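Observations on the model geometry
The residues making up each chain are set out below.
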Amino acid sequence: PLAVNQDGQLFIGLADERVVRLDSNSGYSLFADFLPQTMLFGLDNALYTVDFEVGQEARILRITAQGESEVWLTEIAGDPLGIGELNLALDTDQGLYVFKQRGRDLYRVGYDGQGECVTNLLGLGVVGESGGPVAFGASPVTGMIYYIPHGPYRFYEIDLLWNAREIGGGLVGDPSSMVVS
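The structure contained in this document is the topic of the report that follows. As the structure is a prediction and not an experimental result, all values here were calculated from the model.

**Notes on the sheet that holds strand β4 (residues 28-32)**
Taken in spatial order, the four strands make up an open sheet running β1-β2-β3-β4, and their pairing is antiparallel. Sheet topology places β1 (2-4) and β4 at the edges, where each strand pairs with a single neighbour. Shown here is a sheet whose adjacent strand axes are inclined to one another by a mean of 30°, direction ignored. In this sheet, strand β3 (residues 18-22) lies alongside strand β2 (residues 10-14) in antiparallel orientation, the contact comprising four bridges. Among the inter-strand pairings, Leu14 is bridged to a residue of β3, identified as Arg18.

**Section: the sheet that holds strand β13 (residues 105-110)**
Reading across from one edge, β11-β12-β13-β14 is the order of the four strands in this open sheet, with antiparallel pairing throughout. The strands lining the two open edges of the sheet, one partner per strand, are β11 (86-91) and β14 (115-120). The sheet shows a mean angle of 25° between the axes of neighbouring strands, direction not considered. As paired elements, strand β12 (residues 95-100) and β13 share six bridges and run antiparallel to each other. By the bridge assignment, Val98 is partnered in β13 with Tyr107.

**Observations regarding the nonpolar core**
Tyr48 and Ile60 are the most contacted members of the largest nonpolar core, which has 18 residues in total. Mapped by element, the contributors of at least two residues to this core are β6 (47-51), β8 (69-73), β11, β12 and β13. Broken down by element, this core gets its largest block of residues, three residues, from β11. In this view, Tyr48 contacts Thr38, Met39, Leu40, Gly42, Ile60, Leu61, Arg62, Trp72, Leu88, Leu96 and Tyr111; residues no more than four positions away in its chain are not counted.

**Quick look at the packing of aromatic side chains**
A full pass over the atoms with the stated rule returns nine aromatic pairs. With a centroid separation of 6.1 Å and an interplanar angle of 40°, the aromatic rings of Tyr48 and Tyr111 are classed as tilted. With a gap of 63 residues between them, Tyr48 in strand β6 and Tyr111 in the loop between β13 and β14 connect regions that are remote in the sequence. On the basis of relative accessibility, which here comes to 0%, the residue Tyr48 falls in the buried class. We classify Tyr111 as partly exposed; its relative accessible area is 22%. Taking the centre distance of 6.5 Å and the plane angle of 35° together, the rings of Tyr147 and Tyr156 count as tilted. Comparing Tyr147 with Tyr156 shows no difference in burial state: the two are buried. A network of ring pairs unites the aromatic residues Phe99, Phe136, Tyr147 and Tyr156 as a single cluster.

Each value, and the rule that gives it
- Residues numbered from 1 in each chain as written.
- Predicted model: local features only at pLDDT ≥ 70, side-chain atom pairs only at ≥ 80, totals over all residues.
- Heavy atoms only, no water.
- Pairing = 2+ DSSP bridges.
- Helix = DSSP H or I, 4+ residues; strand = E, 2+ residues; numbered from the N terminus.
- Axes fitted to C-alpha atoms, helices over the stretch in contact; angles between N-to-C directions.
- Core = buried A, V, L, I, M, F, W, Y, C linked by side-chain atoms within 4.5 Å.
- Buried < 20%, exposed > 50% of the residue type's maximum accessible area, 1.4 Å probe, protein only.
- Contact = heavy atoms within 4.5 Å.
- Phe/Tyr/Trp six-rings, centres within 6.5 Å; stacked < 30°, edge-to-face > 60°.

Okay, structure coming up:
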């Protein structure tokens, strides 16, 4: 995964369990030691990432600009993050969206770590509890959420009142990520 901080620096998650920061002289420096599933910078300029290993409980880490890390979340509003993949996206200036692929719960979490489950997306084109991977993103400007469930590949837009509408279909391939601006 890739992430860009507010200063425009690029951070890359490597398969050897390192996150490196690209330097202006085309080199790189070690930023942190972990294997990120996904990562993004919050508006507090901290790097948020999902620390996930198959069969283990997921957790979200917060890493400061100085490289100091902490376990930020293992549960939201009393709900464990559980076993399974998570997606992260910015929620305008309020914090982050956390999407649990298993069960399809969508949470809104403030930078103070307090949050709530705001909706469940299980009914949008997915059969069964897990339904395979998804592509998920949110506009940091409008807060609108965009979602492509695993088969049938339909593209949904979810507004701030949690109403979903299909905005595309017939996608080919296996979408696994998206970027929204």
